[in-house]
Amino acid sequence: MNDNVYVLLLISIGGVFMLVVSFVLIFIRNQNNLLKKQRELQQAQLMHQQDLLKTVIVSQEAERKRIGQDLHDDVGTALSNMRITIEMFNNTATAVSEFSSACKHQIDKIVQDVRHISHNLSPPGLEMYGFMGTLEELAEFITATGKLQVNITDNTNSLTDRFGADVSLSLYRVFEELLNNTIKHANASQVNINFDIADDYLLIRYHDNGQGIAAAGKTKKGMGRQNIESRLGIIGAAYEDDFPGRTGFNMSIRLKTDNI
Amino acid sequence: MNHLYVTVIVPATVLIPIGTGLIKTVYKDQPSKTMLLYLLFAGITDVVERIMGLHNINNLPLLHFYTIAEYLFIMRFFQLSIYKLRVSWIIWALFILFPLLSVLDFLFIQNIYEYNSYSRPISALIIIGLCMYYFLNYSNQENKTPWATIPVNWIVTGLLIYFSSSFAYFAFLNLITQKASDNLYFIFGGIHATLVLLMYLMVTAGFLQVKNE
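On a predicted model such as this, the values are computed, not experimentally measured, just so you know. (Residues numbered from 1 in each chain as written. Chains lettered and ligands numbered in written order. Predicted model: local features only at pLDDT ≥ 70, side-chain atom pairs only at ≥ 80, totals over all residues.)

1. Quick look at the overall build of chain A
Across its full length, chain A carries six helices and five strands. Beginning at the N terminus, the succession of helices and strands in chain A can be written as α-α-α-β-α-β-β-α-α-β-β. In chain A, once contacts between residues fewer than 6 apart in sequence are set aside, the share between residues at least 24 apart is 68%. (Helix = DSSP H or I, 4+ residues; strand = E, 2+ residues; numbered from the N terminus. Contact = placed C-beta atoms within 7 Å.)

If you want it as structure tokens, here you go:
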């Protein structure tokens with residue numbers, strides 16, 4: 001054996017040195033990449049939060065504008081008409097009867113308009129009939145128009161009747177938005193809404209037999225979808241609406257039963 | 001020239017991290033303070049070794065004690081740097097076992113007037129293990145600042161490069177001294193000195209990142 005032990009020692013020192021330096025450099029590179037990705041993710045989350053906040057503000061403004069318009073166009077007009085009726089009142093026996101009838105009619109209209117506005121602001125059925133009762137009422141109302149058949153199946157053993165006020169209102173608004181989208185964009189004839197319990201979760205599945213998101217050209221998140229996401233986020237629910245291979249529009253909502 | 005590089009220039013470079021540490025007041029940070037004390041101790045030992053060498057006194061017994069002290073300083077540094085090690089019984093066991101082993105080595109196994117080619121590589125192995133454990137621990141954490149801005153990262157890298165690259169040198173030191181030519185002896189000495197220099201520079205880089213807020 002002619003190997004020189006000192007040369008081997010030199011090679012060993014050089015080899016270990018290179019190995020360690022390479023290890024450290026790769027480690028640093030890896031850590032920096034990880035940090036970069038974390039920052040990108042945080043940035044994306046921040047942007048998403050800002051989008052949601054913007055949507056909430058825009059929605060609030062739109063709602064205020066709508067309430068303002070309703071008050072102006074319906075209540076305001078009816079009150080103006082009533083004022084004219086009072087001004088034109090002619091105190092004769094026959095006129096009193098007509099005047100009384102006209103006033104009653106206008107007051108009824110004002111009451112109806114105010115009720116309509118207040119119902120839009122907060123569905124009164126939620127307190128009176130609970131979440132499921134109010135949703136069924138909405139489903140019946142839509143089905144009665146003949147445009148869409150809405151079927152609701154509740155397999156939760158009355159869990160849906162125990163929803164808190166915030167969960168009820170948020171889910172009701174989500175279904176209002178979903179049904180509105182189906183009517184406006186999906187070209188569907190039927191909607192199925194199923195409520196089930198899977199482990200510790202309430203599982204809600206929404207399905208319409210329309211053309212789906214891609215065909216409706218709604219792949220980008222519009223304000224309605226962001227509203228849905230925002231409302232579900234408030235009650236701590238997770239959702240999924242991308243199911244490749246399935247027909248129509250599908251959304252699956254998961255809510256921990258502890259959060260109900 | 002090589003002799004001057006090994007015996008004077010490189011040992012003198014210990015003043016770079018010490019000076020940086022004092023200017024940056026790194027002694028307010030516990031791990032950095034331990035490292036600063038270690039460097040001060042290494043610097044003083046180098047001076048004493050040189051003086052003994054100049055007076056033709058065998059300074060190798062000093063190396064045996066230096067190895068133990070160096071090991072204890074570095075262990076303390078790791079104990080303060082890795083949170084999990086602060087309460088671990090393993091670190092306390094290592095604190096006691098190695099010095100005991102080292103004393104047994106120079107009392108019963110190796111001559112105190114020769115290089116401690118058994119205990120020094122063992123100390124290097126333990127330190128390499130702790131360096132790797134530090135990196136493992138670091139990679140499991142959610143780090144919010146870049147790698148290069150954390151002082152301990154630089155110091156541990158310096159220790160890892162020095163002790164792993166010098167490991168074989170420590171183990172074969174007696175063989176090199178007894179069998180190799182003077183020329184080869186100084187080549188190995190030069191390589192070792194360069195690795196020491198690299199460690200000092202890495203520690204300096206670490207001290208530059210210390211923030212005393």
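2. So, the overall build of chain B
The helix and strand tally for chain B stands at ten helices and zero strands. Moving toward the C terminus, one meets the helices and strands of chain B in the order α-α-α-α-α-α-α-α-α-α. Out of the 213 residues belonging to chain B, those deemed buried represent 35%. Across chain B, the fraction of contacts at a sequence separation of at least 24, relative to all contacts at a separation of at least 6, is 77%. (Buried ≥ 20, exposed ≤ 12 C-beta atoms within 10 Å, placed from the backbone.)

3. Some words on the interface of chain B and chain A
Contacts between chain B and chain A engage 16 residues on the former and 14 residues on the latter. Contributing elements (two or more residues each) for the side of chain B that touches chain A: α8 (151–171) and α10 (182–208) of chain B. For the side of chain B that touches chain A, the leading source of residues is α8(B), giving eight residues. Looking at the side of chain B that touches chain A residue by residue, the class counts come to twelve nonpolar, four polar and no charged. (Nonpolar A, V, L, I, M, F, W, Y, C, P; charged D, E, K, R; others polar.)

4. Considering the pairing of strand β5 (residues 249–256) of chain A
Residues and elements named next belong to chain A. Burial along β5 is one-sided: the face carrying Phe249, Met251, Ile253 and Leu255 is buried and the face carrying Asn250, Ser252, Arg254 and Lys256 is not. Bridge analysis of strand β3 (residues 201–208) against β5 gives eight bridges, and the strand direction is antiparallel. The partner of histidine 207 across the bridge, within β5, is asparagine 250. (Pairing = 2+ DSSP bridges.)

5. Side note on α10(B)
Residue and element names in this part refer to chain B. Taking 1.5 Å of rise per residue, the 27 residues of α10 would be expected to cover 39 Å, and the 38 Å separating its terminal C-alpha atoms lies within 8% of that figure. Every buried residue belonging to α10 is among Phe188, Leu195, Val196, Met199, Tyr200, Met202, Val203, Thr204, Gly206 and Phe207, and all of these are buried. For α10, the secondary structure elements touched by its buried residues are α1 (2–12), α2 (15–23), α3 (30–54), α8 and α9 (173–179). (Expected span 1.5 Å × (residues − 1).)

6. Thoughts on the confidence of the model for chain B
Residue and element names in this part refer to chain B. Averaged over every residue, the pLDDT of chain B is 91; residues scoring 70 or more account for 99%. Mean pLDDT values over the elements of chain B span from 80, in helix α5 (residues 83–86), up to 95, in α2. The complex prediction reports pTM at 0.65, with the ipTM value standing at 0.74. (pLDDT = per-residue confidence, 0-100.)

7. Details of unusual backbone geometry
Residues and elements named next belong to chain A. Of note in the backbone geometry, serine 158 takes a positive phi value of approximately 65 degrees without being a glycine. Along the chain, the position of serine 158 falls in the loop between β1 (149–154) and α4 (165–186). For asparagine 187, which is not glycine, the phi torsion reads 60 degrees and is therefore positive. Tracing the backbone through its elements, the reader meets asparagine 187 in the loop between α4 and β2 (190–198).

8. Side note on the environment of Glu140(A)
Structurally, Glu140(A) can be placed in helix α3 (residues 125–144). Residues Glu140(A) and Val150(A) lie ten residues apart in sequence; the distance between their C-alpha atoms is 7.4 Å.

9. A short note on helix α1 (residues 5–87) of chain A
All names here are of chain A. Here α1 contains 83 residues, and its C-alpha end-to-end distance of 120 Å stays within 8% of the 123 Å for a straight helix at 1.5 Å per residue. At glycine 76, α1 shows its largest kink, close to 30 degrees. Within α1, only six of the 83 residues are buried, which leaves it mostly out in the open. Of the residues making up α1, those classed as buried are Leu9, Ile13, Val24, Gln31, Thr55 and Ala78. (Bend = angle between axes of the 7 residues up to and from the residue.)

10. As for the packing of α1(A) against helix α6 (residues 223–234) of chain A
All names here are of chain A. With their axes 9 Å apart at the nearest point, α1 and α6 run at an angle of 110 degrees to one another. One way to sum up the angle between α1 and α6 is to call them roughly perpendicular. For the pair α1 and α6, the contacting residues are Asp51, Leu52, Thr55, Val56, Val58 and Ser59 in the first and Met223, Gln226, Asn227, Glu229 and Ser230 in the second. Looking at side-chain class alone, the contact of α1 with α6 contains four nonpolar, five polar and two charged residues. (Axes fitted to C-alpha atoms, helices over the stretch in contact; angles between N-to-C directions. Parallel < 35°, antiparallel > 145°, perpendicular 65-115°, else oblique.)

11. A short note on the environment of Phe77(B)
Residue and element names in this part refer to chain B. The topology assignment puts phenylalanine 77 in helix α4 (residues 60–81). Residue classification places phenylalanine 77 among the buried residues on the basis of 24 C-beta atoms within 10 Å. Discounting residues that sit within four places of it in the chain, phenylalanine 77 has contacts with Pro31, Thr34 and Met35.

12. Description of the sheet that holds β3(A)
All names here are of chain A. Overall, mixed pairing links the five strands, which are arranged β1-β2-β3-β5-β4 in an open sheet. Looking along the sheet, the strands with just one partner apiece sit at the ends: β1 and β4 (238–240). Taken pair by pair, the neighbouring strands of this sheet meet at an average axis angle of 15 degrees, ignoring direction. Here β2 pairs with β3 via eight bridges, running antiparallel. Each residue of the ladder has a partner; that of isoleucine 197, found in β3, is leucine 202.

13. Some points on the packing of α4(A) against α6(A)
Residue and element names in this part refer to chain A. Direction vectors running N to C along α4 and α6 enclose 160 degrees, while the axes themselves pass 9 Å from each other. As far as their axial angle goes, α6 and α4 are roughly antiparallel. Judged by the sense of rotation from one axis to the other, the crossing of α4 with α6 is left-handed. Taking contact as the criterion, the partners of Ser170, Arg173, Val174, Glu177 and Asn181 in α4 are, on α6, Gly224, Asn227, Ile228, Arg231, Leu232 and Ile234. Looking at the contact of α4 with α6 residue by residue, the class counts come to four nonpolar, four polar and three charged. (Left-handed = near helix turned anticlockwise from the far one by under 90°.)

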